[in-house]
Structures are given as structure tokens and as C-alpha cells.
Amino acid sequence: VPEHAELAWILGCLTNVPRLLRLPQWKMKRASQNSEGTVGLLTYPVLQAADILLYKSTHVPVGEDQVLHLELAQDIAQHFNKKYGEFFPVPKAILSEL
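This write-up is about the structure you can find in this document. Being a predicted model, the structure only gives us computed values, none of them experimental. (Residues numbered from 1 in each chain as written. Predicted model: local features only at pLDDT ≥ 70, side-chain atom pairs only at ≥ 80, totals over all residues. Heavy atoms only, no water.)

Details of the packing of aromatic side chains
Turning to step 1, where the next piece is worked out: All chains considered together, the criterion is met by four aromatic pairs.
Turning to step 2, where the next piece is worked out: An angle of 45° between the planes, with centres 4.9 Å apart, marks the rings of Phe80 and Tyr84 as tilted. Within this pair, Phe80 and its partner Tyr84 are both found in helix H5 (residues 67-84), separated by four residues, close to a single helical turn.
Turning to step 3, where the next piece is worked out: What makes Tyr84 exposed here is its relative accessible area of 52%.
Turning to step 4, where the next piece is worked out: Sitting above the plane of the Phe87 ring, Lys56 keeps its charged end 3.8 Å from the centroid. (Phe/Tyr/Trp six-rings, centres within 6.5 Å; stacked < 30°, edge-to-face > 60°. Helix = DSSP H or I, 4+ residues; strand = E, 2+ residues; numbered from the N terminus. Buried < 20%, exposed > 50% of the residue type's maximum accessible area, 1.4 Å probe, protein only. Lys NZ or Arg CZ within 6 Å of the ring centre and 35° of its normal.)

Overview of the layout of surface pockets
Turning to step 1, where the next piece is worked out: The calculated volume of the largest pocket comes to roughly 220 Å³.
Turning to step 2, where the next piece is worked out: Lining the largest pocket are Ala5, Ala8, Trp9, Gly12, Thr15, Val17, Leu20, Val39, Leu42, Thr43, Val46 and Leu47.
Turning to step 3, where the next piece is worked out: Among the secondary structure elements, those contributing two or more residues to the lining of the largest pocket are helix H1 (2-14), helix H2 (17-21) and helix H4 (39-54).
Turning to step 4, where the next piece is worked out: In terms of residue count, the dominant contributor to the lining of the largest pocket is H4 (five residues).
Turning to step 5, where the next piece is worked out: Split into classes, the residues belonging to the lining of the largest pocket amount to nine nonpolar, three polar and no charged. (1 Å grid on protein atoms, 1.4 Å probe; cavity = no way out; pocket = protein on both sides within 12 Å on 5 of 7 lines; lining within 4 Å. Points joined across faces, edges and corners; volume = space filled by probe spheres on them. Nonpolar A, V, L, I, M, F, W, Y, C, P; charged D, E, K, R; others polar.)

See below:
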């Protein structure tokens, strides 16, 4: 579905790098890759946000390890809505139990 990549590009243009660098997945992977991380690793959470927001999801089942990625999607939705008007619902987490 090309719209996923297209929306990820748009949302990536609205997301600042310091916000992405604070995600623990980036820090952990980067540490295991001898201080080198890839652009794909850095921008993957924005693609996840695009997957959620493209379908205007209001509730998203997540495990505890994905809560911060959903918070990024919430932040991006709020930023987009503030800049361009109400368009994306701000998704809420449904914590799944294992």
C-alpha cells in the first residue's frame, strides 16, 4: 500500500530527530551496533505511526514494549492536527496481556 510510505514521508517531515533519538529501541540497537544506527532504524517508528494514523485508528492494542511508539504516534497526530486542523484521531493504547 503506497499510502503508508507516502504518509510516513509526510509525518517524518513533521517529526524532529531529537524526539526519535530518545526512543529506547534506538538507544539499545545503536549500542549493539558499535554506535552506528541506520536511518531505517531511526525512522521505523514514524512508519509505525503512519500505519496507525492512515486508518484513523482510535484504539491500538499494544504490549508494554510498544507504548512509547504509540506515544510517538499520538504526538505526531496532535502536531499534525494543530498545524493543519483536526484530521487524525489521537489513538489510545489498549494494553495487551501476555
